[in-house]
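Structural overview
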Amino acid sequence: MSEDPHILHALGQAVESKVRYFEEVELSAGGASWAAICCVGSRALYFLNSDWDKFLDTRSTLSYNHIEAVQVDTGSEDRAMILLSDDRDRYWAQAVQVIAAARDDLVENLAVAWQAHKMKAHRRFQSMPLAPVEFPEPRGPVSTWTAEPFFGYRKVVINKYFAFVPEKIRQIESLSGEPTGRFRNPDTGLELELHVHKPVAVLSLERHGLDSVRWVAMEYKRFLTKSVDAYHVRCHEPYTKRMNITDDIAVWHGWKMFFLCRDVSIAVLILRRQYMPPLADTAQDFAVVMKFPRGEGSEFARCPESLLMQEAQLIADSISPLVQATKMYRGAIQAKADALMYDEGGYDFLQNNLGIRPKLYDLAGAFLKAIFLVLKGEKSDLILPYADQMEVVLEQFRGDLDVDAVIAQFRDSGALTSGAGGISLNQEEAEKHTNAWCVRVARYVGWAVNGGLGPMFSLRDIVDTPVRLGVDADKKIRTCVEFLLHLRRPDMTRRFFSAELSQVISNPVLSDHVFTSSVMQVLIETKYIEKLFTREQKDRYTALLSDLLSSETVDVSVKSEICRQLLQVTNPRGTMIVPVMIASALLRMMSKANTFLCTYATAALVNLSADDDQVKSALLSGSVASTLVKQLASKDDDLVHYTLRLLVCLSKAAHHRSILVSAGTVGAVQEILISTYDSDKTKILVQVAGVIGQLCNDGETQKQFLTSRTGQYLGETLYTLLYIYDRESEISDLRTRVIFAIKQLCHNSPEAQVEAGSHMISSLIPLLRDCYLTKREFAFHAVLLLLSFSGLTILQDKMGKCQLRTVLHDIYRETERRESSSSAAFRTKVKELYDRMGKQNT
């Protein structure tokens, strides 16, 4: 894709016309051939020399008025012929052959521009004559080669990419006969979808919150599972593409998922092709979705999941560009790199794969060397354990500049004066340009300092030194950090001042600021910003973090780092965090964030609210109840798990439980129980049982759980819990929680007690006899459950027949002999049950 807006603008100024597309081509006419940069303008094709700096001497312009038709060679992927009229300029031949790696894109853009020009000139629509023709002369030796499909596979082409798919599946075509990317095997019912998304600028991915292929995968997961009642995520992890069939120079990232549903298994591979030729500034996403029927009689029903996943992986691995355009436009890339128009990953790609570095590389090295020299003078053996290796790396850079001098040169390197390069700027426009340049400089130098110039040295070494720096050294390091963070308001007419970071102490509001996200992440992780505040200013520091969490413009990496810090807090009251303030900010973020951030925020709230009633009250006075019910319906295992854990924390008090129940928590929890009881989602079921047990402390809620969705008493909840109890062959956390939930569910309900007791007593008493010393929590809940059963004569008789009193006698004597403070409560309940059984026998 050669449609970069910055280069198109620059080329448009060079040719004095609007340019919509450009491509490196080889032209042939009259026995001569020459290389050129072809620019598709609004009135003509313009041709610049291969250095991109001036027109070709004679054949510089080809007016659309002189183009009569275009022929496309059917025997090659890169040749086309432009046929000219008799009134053409004398230095053009009748036919001009064009060789372009992205020929189809060039011809398509030429056709659009030609037709627009004709409509404007003649006030009527006219299609450009375009014909496929097999050129008579051979293409000649070329370096391209073709890989044959695997045995039993065939090659399919979709949107300028090809893939190898099984021969037995048939493509479902649209009404117009165009390929749709959808395939089906009529014999087995297998379905395949290949999605090829449009290329987008890498820098735009960050603005739209799609800078990681994982976020794209989560959107696919949400779409594919939204109409599925129950499913299990068997795989959800990064994936590495294992084939490079066309020797593609671009970088590929991947994510794979496998969903096990009731009637179908779904394998999903998401791929991203990033830093694509010819400018290394675009990315394109792909998806492979395979659906395997699991119904009775299906050949996939008993097939191992690994084999099904492998089938999808083979197709994904084979996806390759149809055109082997590995050539990079080094001149244009160098210009974009000099203008710092790439992200951190882009600079890595350019440096490691193309050997291209921005012109600011040497000055960035001088900046790093200035920092290194400051630290070297402050007990370098403690601060820089790899000082000797760093000196070798930094030998190539100037060492006579201090930090302030280098920062001044950073600004001067981007200054524009009116008339430079033919550009007319007033003072305000020039200042705006320079300030925007400094923002890009801070991001690039942040990458350089954080391992870009030397892997043994990073930004963490600067901001998290193990010794206290001297006054002068600390001031210089602080100046460096403030420049790299580049905290400023988005108004680029306003100059950057490093004092803005210090000003956040008095006014901790960053939602109206921009900054370098990668640097902010490090400063939060190393607690650099936290150390700017005193203990008495903890409310301001919390307000700062809250503002970052609530802002929609702050990067995901920064928000997730804040949540990671909150997850590590063991005693919130003893830290710089005000729990109630930060909890409210997390709740606000959860209402707008994606699944990944919601999971992080919910986990952080579990940690903050565990032993803090004020946090619980603050959350429940807000919208947490409705938010949690919404999250329970997300069908994301991690999010559902932490949401249930948070519900356990919040349902300890009666008035809190009433708020949760009124928001629809009972129905949401029942739905999860019914949809997951027969799966191996143990960690979710443990929390479901815990929530049911907590909520059943209230009589009305208990009745809701006991009532089925059709209004029948003793509904799905009780029988599902009994099923899970029977299914668990060992004494596990899940079985313990289920016993707790059943005990709570049956409290003061004779019908439920009879149903549960008749089902459980004969198996529960032997388990109690065998585990009371090793599984104390299970034994305690088992005794409580049996104690609740003992109020009914029919159940007392059943327990008596199972020799419960003898078991209790042995338990009491053994625990008394091993007397400890932790067993006192257990022994009390054992004795109470023993005495009650004795009265029944009497």
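Just above, that's the structure.
Attention in this report is confined to the structure presented alongside it. (Residues numbered from 1 in each chain as written. Predicted model: local features only at pLDDT ≥ 70, side-chain atom pairs only at ≥ 80, totals over all residues. Heavy atoms only, no water.)

What follows covers the sheet that holds strand β2 (residues 32-41). With mixed pairing, the eight strands of this open sheet are ordered in space as β4-β3-β2-β1-β7-β6-β5-β8. The open sheet terminates on both sides in strands that have one partner only, identified here as β4 (61-63) and β8 (130-133). On average, each strand axis in the sheet is inclined to that of its neighbour by 30 degrees, with strand direction left out of account. Of the pairings in the sheet, the one linking strand β6 (residues 79-84) to strand β7 (residues 95-99) comprises five bridges and is antiparallel in character. Counted as the bridge partner of M81 is Q97 from β7. (Pairing = 2+ DSSP bridges. Helix = DSSP H or I, 4+ residues; strand = E, 2+ residues; numbered from the N terminus. Axes fitted to C-alpha atoms, helices over the stretch in contact; angles between N-to-C directions.)

Between its first and last C-alpha atoms helix α28 (residues 716-727) spans 16 Å; for 12 residues at 1.5 Å apiece the expected length is 16 Å, and the two agree. In the core, the buried residues of α28 are packed alongside α25 (665-676), α26 (682-695), α27 (699-706), α29 (733-746) and α30 (750-771). (Expected span 1.5 Å × (residues − 1). Contact = heavy atoms within 4.5 Å.)

Let us look at the packing of helix α17 (residues 538-550) against helix α19 (residues 579-590). For the pair α17 and α19, interaxial distance at closest approach is 9 Å and the crossing angle is 5 degrees. The angle between α17 and α19 places the two elements in the roughly parallel class. Judged by residue contacts, D539, T542, A543, L545, S546, L549 and S550 of α17 engage M581, I582, A585, L586, R588 and M589 from α19. Of the residues assigned to the contact of α17 with α19, the class counts are eight nonpolar, three polar and two charged. (Parallel < 35°, antiparallel > 145°, perpendicular 65-115°, else oblique. Nonpolar A, V, L, I, M, F, W, Y, C, P; charged D, E, K, R; others polar.)

The three strands lie next to each other as β9-β10-β19, forming an open sheet whose pairing is antiparallel. A strand with exactly one partner marks an edge of an open sheet, and here the two such strands are β9 (153-158) and β19 (320-321). Bridge count between β9 and strand β10 (residues 161-166): six bridges; the pairing is antiparallel. For R154, the partnering residue across the bridge sits in β10 and is V165. Along the sheet, helix α5 (residues 305-318) contacts β9, β10 and β19; its crossing angle with β10, the most-contacted strand, is approximately 155 degrees.

Turning our eyes to something else, we now look at the pattern of salt bridges. All chains considered together, the criterion is met by 31 salt bridges. Among the ionic pairs, K683 bridges to D638, the shortest N-O distance being 3.1 Å. Highlighted residues: K683 in helix α26 and D638 in helix α23 (residues 637-650), separated in sequence by 45 residues. Classification of K683 as partly exposed rests on a relative accessible area of 41%. Note on D638: relative accessible area 36%, which makes it partly exposed. (Salt bridge = Lys/Arg side-chain N within 4 Å of Asp/Glu carboxyl O. Buried < 20%, exposed > 50% of the residue type's maximum accessible area, 1.4 Å probe, protein only.)

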